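Remarks on the overall topology
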Amino acid sequence: MIIHGKNIVLKTVEVYDAEFIFTMRKNQDRTKYLSQITGTVESQKEWISNYKQREKDKKEFYFLIESKGKEKLGLVRIYDFQEDSFSWGSWLIKEDAPKTTAIESALQIYEFGFYKLGFEKSHFDVRKENDKVIAFHKRFGAKVVNESELDYFFTFEKSDYEITKEKYKRYL
Ligand SMILES: CC(C)(COP(=O)(O)OP(=O)(O)OC[C@H]1O[C@@H](n2cnc3c(N)ncnc32)[C@H](O)[C@@H]1OP(=O)(O)O)[C@@H](O)C(=O)NCCC(=O)NCCS
């Protein structure tokens, strides 16, 4: 499946993307707030092939973020579909990606979750130390509704997204 954004394209990952995903997730500095992946490129391939079944069942979508010129820029995943809410995460963008990649990919995820999948809200957690990402979500209009020792738990309502969408329409 392909989602066409303004400057980016989101493509569901394939087994042949294992090497890219593996390399991205092995970047220790960048992934300290993401769960650590174990194993090798081979085990990543196996993970993707299991994921492809969940994708068929419409339980989860894992996207490669690419530029329109087909340069690989990052990754983002939408999952944990509950009655009226979806989660998203595994969000990882190359340091040298164009500046608008983060905003554009977040907008495309919300467009997909709210309008294509029909959810009313989104829920996700962010490590408390991940200041930059916490600031990103707050600026977008998401609200902290709970916390644990490690994480802040956010929700973002579709009605609030509609306001954000208007504000960021130049990125859509
Ligand atoms: C999370 C991640 C994908 C976000 O991408 P990013 O490019 O770092 O995002 P930024 O917050 O720097 O936003 C990109 C640019 O858009 C700007 N921006 C972000 N939100 C904005 C907003 N609401 N309005 C205006 N500008 C905004 C930022 O200021 C930044 O520009 P700058 O570099 O001039 O300051 C990236 O930091 C990453 O891969 N992190 C490691 C993994 C991780 O922690 N993932 C999240 C786990 S929950």
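Conventions we followed
Residues numbered from 1 in each chain as written. Predicted model: local features only at pLDDT ≥ 70, side-chain atom pairs only at ≥ 80, totals over all residues. Heavy atoms only, no water. Helix = DSSP H or I, 4+ residues; strand = E, 2+ residues; numbered from the N terminus. Contact = heavy atoms within 4.5 Å. Polar contact = N/O pair within 3.5 Å; in protein donor to acceptor, adjacent residues only side chain to side chain. Buried < 20%, exposed > 50% of the residue type's maximum accessible area, 1.4 Å probe, protein only. Axes fitted to C-alpha atoms, helices over the stretch in contact; angles between N-to-C directions. Parallel < 35°, antiparallel > 145°, perpendicular 65-115°, else oblique. Left-handed = near helix turned anticlockwise from the far one by under 90°. Nonpolar A, V, L, I, M, F, W, Y, C, P; charged D, E, K, R; others polar. Pairing = 2+ DSSP bridges. Salt bridge = Lys/Arg side-chain N within 4 Å of Asp/Glu carboxyl O. Near = heavy atom within 4 Å.

The next subject is the environment of His123. The residue His123 is located in strand β6 (residues 121-127) in this model. Setting aside its immediate chain neighbours within four residues, His123 contacts Asp80, Gln82, Ser85, Phe86, Ser87, Trp88, Phe154 and Thr155. Separated by 2.8 Å, the side chains of His123 and Asp80 make a polar contact. Of the polar contacts made by the side chain of His123, one reaches the side chain of Ser85; its length is 2.6 Å.

Bringing helix α1 (residues 18-25) into the picture now. Among the eight residues of α1, six are classified as buried, and the element is accordingly described as predominantly covered. At its buried positions, α1 is contacted by α2 (41-56), β3 (61-67), β4 (72-79) and β5 (85-93).

What follows deals with the packing of α1 against α2. When two helices pack together, their arrangement is given by the angle between the helix axes and by the axis-to-axis distance. Running from N to C, α1 and α2 cross one another at 115 degrees; their axes reach a closest spacing of 9 Å. In terms of their interaxial angle, α1 and α2 are classed as roughly perpendicular. Every pair of crossing elements has a handedness; the one defined by α1 and α2 is right-handed. Taken together, the residues of α2 that come into contact with α1 (itself represented by Ala18, Glu19, Ile21 and Phe22) are Val41, Gln44, Lys45 and Ile48. Partitioning the contact of α1 with α2 into residue classes produces five nonpolar, one polar and two charged.

Before going further, it helps to examine the sheet that holds strand β2 (residues 8-12). Read across the sheet, eight strands follow the order β1-β2-β3-β4-β5-β6-β8-β7 without closing on themselves; strand pairing throughout is mixed. Each end of this open sheet is capped by a strand with a single partner; those strands are β1 (2-4) and β7 (143-147). Between one strand axis and the next, the sheet turns through 25 degrees on average, direction left out of account. Note that β6 and strand β8 (residues 151-157) share seven bridges and pair antiparallel.

Time to look at the pattern of salt bridges. For the coordinates displayed, the defined rule picks out 12 salt bridges. As a salt-bridge pair, Lys11 and Glu66 come within 3.0 Å of each other at their nearest N and O atoms. You can see Lys11 sitting in strand β2 and its partner Glu66 sitting in strand β3, a full 55 residues away along the chain. The shortest N-O distance in the salt bridge between Lys169 and Glu166 comes to 2.5 Å. Under the relative-accessibility criterion, Lys169 is labelled exposed at 52%.

With that settled, the discussion passes to the pairing of β7. In this sheet, β8 lies alongside β7 in antiparallel orientation, the contact comprising four bridges. Within β8, the residue paired with Val144 across the bridge is Phe154. Two successive antiparallel strands, β7 and β8, enclose a turn made up of three residues.

A word on the site of the ligand. Surrounding the ligand, one finds 14 residues, the nearest of these being Trp91, Ile93, Asn130, Lys132 and Tyr168. A distance of 2.7 Å separates a nitrogen atom of the ligand from a polar backbone atom of Trp91. Broken down by secondary-structure element, the contributors of at least two residues to the shell around the ligand are β5, α3 (101-116) and α4 (131-140). When grouped by side-chain class, the residues that make up the shell around the ligand number nine nonpolar, one polar and four charged.

These values are about where atoms sit, not about what they do.
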